[in-house]
Amino acid sequence: MNFISPPPEGLSRLRADPLLWEQELDVRPEFAEAVERACGKRSGRVYFRSGHDHLYAIELADLGRGRPSMAMVFGFWDRWEPRPPEHEIDLDLLALCDWLARIGGLNPADVAKVAQKAGIVPVWPEGSVLRTPDERFASLPGFEHSAKYVEIEGLRMAYVEEGVGDPILMLHGEPTWGYLYRRMIPTLAKLGRVIVPDLIGFGRSDKPVARYAYSYKSHVRWMRKFVAALDLNRVTLVVQDWGGLIGLRVLAQVPERFARLVAMNTGLPVGNAPGEGFLKWRRFALGVETLDVAALMRRAVKRLTEAEAEAYQAPFPTKQHQTGALVFPGLVPVREEDAGVYENRAAVERLKALDLPVLLPWATGDPITAAGERELRRIFKNVAAPLPIEGAGHFIQDDAGEVVAEHIKKWMEETSV
Amino acid sequence: MLPGFPFERRSVVVNGRRMSYIDEGKGRPVLLLSGNPTWGFLYRDFLEPLRNAGYRAIAPDWIGCGYSDHPRVDAALTFAHHIADLVSLIDQLELRQFTIVGQDWGGPQGVGAALQRIERLRALVLMNTWLFTGLVSKFHASPKPWTTWHAPLIGQFFMKRHKVLSQHGPSATTVRGLSEAEARAYHHVFDEPDSDHVVLTWPRTIPMREGDRGWEDMHRIEKRLPELSSTPVLLLWAPGDEVFPIEFGNRLKELLPHARGPIAFDRARHFLQDDRGPDLAAAMVEFLNELH
């Protein structure tokens, strides 16, 4: 177990949730003593992070018997947010039980066997994950790429892959999917191995129906695991909208995998008041029953044909399929106390230390992310000259994808890594 | 609402906590004592036959079980607490010439209380239980209980977070096949999170080796068993039970050589009262009727 020391300001943002309460740890004294040895203390807390990035603590109390006599296991969640899916917590606690069995001289295989026999199978419950039927994607004008799949935490994550060479990873945002990059893929596939994943809940990726399955943290984790699953290195990261909120965090977590960054009309919110443009969108998006994505995209991207607009609607045959898209606007941290602010501030500090080349093509007709360019420019050391894209709006890849791709191509050739 | 259980619930306060019990009929009292993780519902097939035979059938729920209070503190659920709670019930109901019927923890806790009020004890009926140290069943010695179910912290994951025992007790070992409604009747009393402390404190009290909590109290009871040499004892046994197999019945017979039995009941496992209720009740009534 890798114990960590979370800073107090990080902890104070979280809600400590007692998950296991052991009043009789010394019912087996040798076990209690093994726990003391492994934790390095007889009383007090040790913290660790799980495979789901969740923070946990074991709290020990010495009641004067010369060994820890009480123990509590806490999970730490975002202060005002409901718990993540219970099977994630079960997986994390089973990993803890496995560790306890090892250090306590028990057989970890027994734990696994009993869990299985008791029907404790920590996977997505039956019916809790939807998959958009393939026929919804039968006709995708301008996007004839067949999907590839990789499984991340029991969820099928879809991506398209074109070209060879160093990876160019392109991340979409709300409420789109990989289709958004269709005008850029042909140009960039000549430069490298273009990889365009669909976020969980979007495109051809799986779609959990529970809203608590989606958090800022879970999206970051899924994307980091995606990059690791494909073992991507020397990556040129291309992001827009939520693709940036997620991608920039992944970049801060595993910078060694990345060589360049292209950020477009996005940001890394740290709890400052967002612009009125975003708040207006958020009020709208959180007020509707469902998002009419086709209509929304037609309004936003003037040159879109009806068939193209329908391709954006394709992943969402029902409201349930749309959960990920419906919760996204509410996950953007807009206040000091919101989930993600602390992690984003920490990410900003790590990003400041990076000197990878950064290009910021920015659509000038986007009221939602107007301030983002300036903020990102302040974070990164090695940023190319401003690249305003006139006549383009929030979905810059669709409004001006061909032009932007040419800019990226030219810049990549100048910044060989 | 509870299938086959139309009986009125009563309660008294014992040691500051409310103890629920069923009290049916008039006559010499018969205390029907269940164990882990059940409650008075386990004796639903005994109450009417006993009442009809002229006995006062009393089925209490141990503190932590059934409709009694469910304290959240393990320290309130020790061997000694359970015994003192039952002594308090015997005193408050002013029971005289009472018979103790015990299965599982109902055995040692019932006998433990009876030894404190031995002047008023009439008879003992013991079913798939034990009153001694030094014999550990294959079940309790197997890796399952002590490396998983009862292990510190790990046990909390299985027993408390997943309620492996409190929601899968008699229903997991039933021979005759419990109905869904009957299973719910057993389980619903532990629906609330954290309401099932007793489900873990009990197995952890099983004396397997010297120094275990429960060892000393069990040893004291065992040492006093000779005092029961003139108390009529009936042993009813389900040899199909892996928790207390017939060796435990034979050992009780060695310690209480005047006991009748063990009389074997097939088609039954640990919760024999549920599997063979009417047959066991009939055997019990016959035994009690023979006492002058």
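Scroll up to find the structure this text is about.
The residue numbering used here restarts from 1 in each chain and proceeds along that chain's sequence as written. Going through the entries in the order they are written, you letter the chains from A and number the ligands from 1. Only residues with pLDDT of 70 or above have their local features reported here, since the model is predicted, and side-chain atom pairs are shown and tallied only from 80 upward, although totals for entire chains, interfaces and linings are computed over all residues. Excluding hydrogens and water, the side-chain values take into account all heavy atoms of the structure.

Here we look at the sheet that holds strand β5 (residues 68–78) of chain A
All names here are of chain A. By definition, two strands form a pair when at least two bridges between them are found by DSSP. Strands are runs of DSSP state E lasting at least 2 residues, helices are runs of H or I lasting at least 4, and numbering of each runs from the N terminus. Read from one edge to the other, the open sheet built from five strands follows the order β1-β3-β4-β5-β2, with strand pairing classed as antiparallel. Of all the strands in the sheet, just β1 (3–4) and β2 (14–22) have a single pairing partner and so form its edges. Note: strand β3 (residues 44–49) against strand β4 (residues 55–62), six bridges, orientation antiparallel. Within the sheet, the bridge partner assigned to valine 46 lies in β4 and is isoleucine 58. Across the sheet, helix α3 (residues 86–103) is in contact with β1, β2, β3, β4 and β5; its angle to β4 comes to roughly 45°. Contacts are assigned to residue pairs that have any heavy atoms within 4.5 Å of one another. To obtain an axis, a line is fitted to C-alpha atoms, over the contacting stretch when the element is a helix, and the angle between two such axes runs from 0 to 180 degrees between their N-to-C directions.

Quick look at the sheet that holds strand β8 (residues 155–162) of chain A
Residues and elements named next belong to chain A. Read from one edge of the open sheet, seven strands run β7-β8-β10-β9-β12-β13-β14, paired in mixed fashion. Of all strands in the sheet, those with a lone pairing partner are β7 (148–152) and β14 (358–359), marking the two edges. Examined bridge by bridge, β7 and β8 share five bridges and lie antiparallel to one another. Residue pairing across strands places lysine 148 opposite tyrosine 159, the latter belonging to β8. Packing against the sheet, helix α7 (residues 242–253) makes contact with β9 (167–171), β12 (235–240) and β13 (258–264), and its axis sits at approximately 145° to β12.

Structural notes on the interface of chain B and chain A
On the side of chain A, 32 residues touch chain B, which itself brings 27 residues to the contact. Carbon and sulfur atoms make up 63% of the area that chain B and chain A hide from each other, which totals about 2,700 Å². The salt bridge definition used is simple: a Lys or Arg side-chain nitrogen within 4 Å of an Asp or Glu carboxyl oxygen. Connecting chain B to chain A are seven salt bridges. With its nearest N and O atoms 2.6 Å apart, the salt bridge here joins arginine 161 of chain B to aspartate 90 of chain A. Pairs of N or O atoms are called polar contacts if they sit within 3.5 Å, as long as, within protein, a hydrogen donor faces a hydrogen acceptor (for residues adjacent in sequence, only side-chain-to-side-chain pairs). On the surface where chain B and chain A come into contact, there are 13 residue pairs in polar contact (both at pLDDT 80 or more). Elements with a contribution of two residues or more to the side of chain B that touches chain A: α5 (143–149), α6 (154–161) and α9 (197–205) of chain B. The leading source of residues in the side of chain B that touches chain A is α5 of chain B, at six residues. Counted by class, the side of chain B that touches chain A contains 12 nonpolar, six polar and nine charged residues. By buried area we mean the combined loss of accessible area, with a 1.4 Å probe, across both parts when two parts are placed together. By the convention adopted, Pro, Cys, Tyr, Trp, Phe, Met, Ile, Leu, Val and Ala count as nonpolar, Lys, Arg, Asp and Glu as charged, and the other residues, Gly among them, as polar.

Overview of the pairing of strand β6 (residues 121–127) of chain B
Residues and elements named next belong to chain B. With a 1.4 Å probe rolled over the protein chains alone, any residue whose accessible area is under 20% of its type maximum counts as buried; one over 50% counts as exposed, and the rest are partly exposed. With respect to burial, β6 is a largely interior element, seven of its seven residues being buried. Across six bridges, strand β5 (residues 98–103) lies against β6 in parallel orientation. Bridging from a neighbouring strand, isoleucine 100 pairs with leucine 124 of β6. In terms of handedness, the path from β5 via helix α3 (residues 106–116) over to β6 forms a crossover that is right-handed. When the strands point away from the viewer, a crossover counts as right-handed if the route from the first strand across the helix to the second turns clockwise.

Re the packing of helix α1 (residues 44–52) of chain B against helix α13 (residues 277–290) of chain B
Residue and element names in this part refer to chain B. The contact between α1 and α13 brings their axes to 8 Å, and the two run at 35°. Crossing handedness for the pair α1 and α13: right-handed. Side by side, α1 and α13 meet where Asp45, Phe46, Pro49 and Leu50 of the first sit next to Gly277, Pro278, Leu280, Ala281, Met284, Val285 and Leu288 of the second. Its residues assigned to classes, the contact of α1 with α13 shows nine nonpolar, one polar and one charged. Left-handed describes a crossing whose near helix is turned anticlockwise from the far helix by less than a right angle; the clockwise case is right-handed.

A few points about the pattern of salt bridges
Opposite charge on two side chains allows them to pair when their charged atoms are near. What the rule picks out here adds up to 62 salt bridges over all chains. Arginine 65 of chain A is paired through a salt bridge with aspartate 26 of chain A; the nearest N and O atoms lie 2.7 Å apart. With arginine 65 of chain A in the loop between β4 and β5 and aspartate 26 of chain A in the loop between β2 and α2 (29–39), this residue pair connects regions lying 39 residues apart in the sequence. A salt bridge links arginine 120 of chain B to aspartate 91 of chain B; its shortest N-O distance comes to 3.3 Å. One end of the pair, arginine 120 of chain B, is in the loop between α3 and β6; the other, aspartate 91 of chain B, is in helix α2 (residues 79–92), with 29 residues separating them in the sequence. Accessibility expressed as a relative area gives 30% for aspartate 91 of chain B, which makes it partly exposed. Connected via shared salt-bridge partners are Arg182, Arg183, Arg303, Glu308, Asp398 and Glu402 of chain A.

Comments concerning unusual backbone geometry
All names here are of chain B. With an omega of -5°, the peptide bond between asparagine 36 and proline 37 qualifies as cis. The topology assignment puts proline 37 in the loop between β3 (28–33) and α1. At the junction of glycine 261 and proline 262, the peptide bond is cis and its omega measures out at 0° in the coordinates. Here proline 262 shows up in strand β8 (residues 260–264). If you check the backbone angles, aspartate 104 has positive phi at about 55° while not being a glycine.

Some remarks on the environment of valine 293 of chain A
Residue and element names in this part refer to chain A. Mapped onto the elements, valine 293 comes out in helix α9 (residues 293–300). With 64 residues separating them along the chain, valine 293 and proline 357 place their C-alpha atoms 34 Å apart. Once you skip the residues sitting within four places of it in the chain, valine 293 turns out to touch Pro175, Tyr312, Gln313, Phe316 and Gln322.

Observations concerning α9 of chain A
Residues that lie three or four places apart on an α-helix share one face, since the helix turns once every 3.6 residues. All names here are of chain A. Buried within α9 we find Val293, Ala294, Leu296 and Met297. When α9 is viewed along its axis, its buried side chains cluster within an angular range of 165° and face the same direction. Structurally, α9 contributes buried residues whose contacts are with α8 (276–287) and α10 (306–313). By construction, the arc corresponds to the directions joining the helix axis to the C-beta atoms.

Structural notes on empty space enclosed by the protein
All names here are of chain B. A cavity here means a set of 1 Å grid points, computed over protein atoms only, where a 1.4 Å probe fits but cannot escape. A pocket is an open set with protein on both sides within 12 Å along at least 5 of 7 lines, and lining residues have an atom within 4 Å of a point. Grid points are joined across faces, edges and corners, and a volume is the space filled by probe spheres set on the points. A full pass over the atoms with the stated rule returns two cavities of 30 Å³ or more. Approximately 50 Å³ is the volume attributed to the largest cavity. Of the volumes computed, that of the second largest cavity is approximately 40 Å³. The wall of the second largest cavity is formed by Pro170, Thr173, Thr174, Leu178, Arg269, His270, Phe271, Asp274 and Asp275. Going through the elements one at a time, α7 (170–173) and α12 (272–275) are the ones with two or more residues in the lining of the second largest cavity. Partitioned by chemical class, the residues of the lining of the second largest cavity number three nonpolar, three polar and three charged.

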